[in-house]
Amino acid sequence: MKLPDQLQFIANAYAKQKRTGASLAGKVCVITGTTSGVGYAVAKYFSKDMAKIVMVCRDKERGEKVKSELYGLSGIEPDMILADFRSLEEVRRAAGEILAICPRIDILINNAGVFSTRLILNEVGVDTVLAVNHLASFLMTRLLIPRMAESAHARILQVNSEGHRFSKFIYDDIQWKHHRYSGYRSCGSSKTAQLLTVWKLDQLLSGTGITINAMHPGAVKSNIGHSNGLLYTFFSRVIITPFLKDPTISAQALHYLAAAPELETVSGYYYNLTTEEQPAQHASLGSSLIEEAWKISSRLVGLPEDQD
Ligand SMILES: NC(=O)c1ccc[n+]([C@@H]2O[C@H](COP(=O)([O-])OP(=O)(O)OC[C@H]3O[C@@H](n4cnc5c(N)ncnc54)[C@H](OP(=O)(O)O)[C@@H]3O)[C@@H](O)[C@H]2O)c1
């Protein structure tokens, strides 16, 4: 029995995954959030495939450990850029540092993300979940696009989430003054915002040779949400985690999306791992909020609405 499009994500979690024999050897891959979970697994997987990794992380000590592990896997020295994505100033600085050291960028994987059961505003009064999950990746992407356009067939991959289905983009209340905040709603709103801007970026990137796609990395073991206090962390680690898969499946999926020759010009899609899928209606290409999301996101990160 075929499920309706909007429920297909349930079946897609069990779909056979695609793989590619194509290699990322010699490709420069910028990956955010490499110290844990999905990002850590991807950085190792891509290193084994001899990619040059540019790690973006916030903890120097843990970053150094990952960096030497990656070097041990490939013999290729990774670069490490430090930034806390709650601050957009730090994202901007990190992008500047990446541009200074990378004459070429072939792959950008915006992976860093959070889940917070409490509303925490950053120094400029923006919900940190929106800042980390969406605005940081939006700003990073827009600042790196001009350099990526210089590479033949560069690819941008947004690590999104089936969690986007939890909420439409609450664009008119980013401090949650008039809406009830919950971890699922803020996660859903931020991931929906990201998807809406992916569809707009896809239009703007037409003819540049850069593709942009979003993906759900599977339900996998990681540290997400583990800073939410004892009760949540206990529930997550003890009750939920045993049912989750190893993040290697996320790494394999991202490898396929980053390397498969048949995807070289494929852009503007949402994948559940490697299966193309319809996002929720409120986050789809048909949403009336795409322009609104683009304008608000541009304003919040301090960029013009035009992309050079
Ligand atoms: N795990 C799943 O089942 C699942 C499902 C759907 C979507 N996702 C998505 O997958 C992505 C990775 O999540 P994960 O599950 O691998 O979680 P994770 O283990 O907590 O990893 C998240 C990564 O993001 C980094 N990060 C968090 N806050 C940051 C900040 N303020 N500044 C810079 N970096 C920051 C973390 O750094 P630290 O190590 O320093 O904390 C870590 O490296 C997220 O976008 C998440 O929404 C995951």
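See the structure above.
About the thresholds
- Residues numbered from 1 in each chain as written.
- Predicted model: local features only at pLDDT ≥ 70, side-chain atom pairs only at ≥ 80, totals over all residues.
- Heavy atoms only, no water.
- Patch = residues over 30% accessible without salt bridge, like charges linked within 9 Å, V, L, I, M, F, W, Y side chains within 5 Å.
- Areas by Shrake-Rupley, 256 points an atom, 1.4 Å probe, with all protein chains shown as cover.
- Salt bridge = Lys/Arg side-chain N within 4 Å of Asp/Glu carboxyl O.
- Helix = DSSP H or I, 4+ residues; strand = E, 2+ residues; numbered from the N terminus.
- Buried < 20%, exposed > 50% of the residue type's maximum accessible area, 1.4 Å probe, protein only.
- Lys, Arg positive; Asp, Glu negative; His and termini not counted.
- Polar contact = N/O pair within 3.5 Å; in protein donor to acceptor, adjacent residues only side chain to side chain.
- Near = heavy atom within 4 Å.
- Pairing = 2+ DSSP bridges.
- Contact = heavy atoms within 4.5 Å.
- Axes fitted to C-alpha atoms, helices over the stretch in contact; angles between N-to-C directions.

Before we go on, may I ask you to explain a nonpolar patch on the surface in this structure?
A contiguous nonpolar patch, built from Phe234, Phe235, Val238, Ile239 and Ile240 and spanning about 450 Å² of accessible area, is present on the exposed surface. Mapping Ile239 onto the fold places it in helix 7 (residues 230-240).

Would you take a moment to explain the side chain of Arg155 for this structure?
Structurally, the position occupied by Arg155 is in strand 5 (residues 155-159). Buried and without a salt bridge, Arg155 has Glu264 as its closest oppositely charged side chain, separated by 4.8 Å. Reaching out from Arg155, the side chain makes a polar contact with the backbone oxygen of Ala258 at a distance of 3.3 Å. A distance of 2.9 Å separates the side chain of Arg155 from the backbone oxygen of Ala260, its partner in a polar contact.

Would you explain the site of the ligand in this entry?
The local shell around the ligand holds 29 residues, among which Thr35, Ser36, Arg62, Phe85 and Ser222 are the closest. A distance of 2.7 Å is found between a nitrogen atom of the ligand and a backbone nitrogen or oxygen belonging to Phe85. Separating an oxygen atom of the ligand from a backbone N or O atom of Ile224 is a distance of 3.2 Å.

Got a minute to help me understand the sheet that holds strand 7 (residues 270-272) in this structure?
One key point about sheets: their strands pair by backbone hydrogen bonds, in either a parallel or an antiparallel sense. Here 8 strands make up an open sheet; going across it, the order is 3-2-1-4-5-6-7-8 and the pairing mixed. Two strands close off the open sheet at either side, each with one partner strand: strand 3 (79-82) and strand 8 (275-276). Here strand 2 (residues 52-57) pairs with strand 3 via 4 bridges, running parallel. Within the sheet, the bridge partner assigned to Val54 lies in strand 3 and is Asp79. Lying on the sheet, helix 5 (residues 128-148) is in contact with strand 2, strand 4 (107-110) and strand 5; it crosses strand 4 at an angle near 180 degrees.

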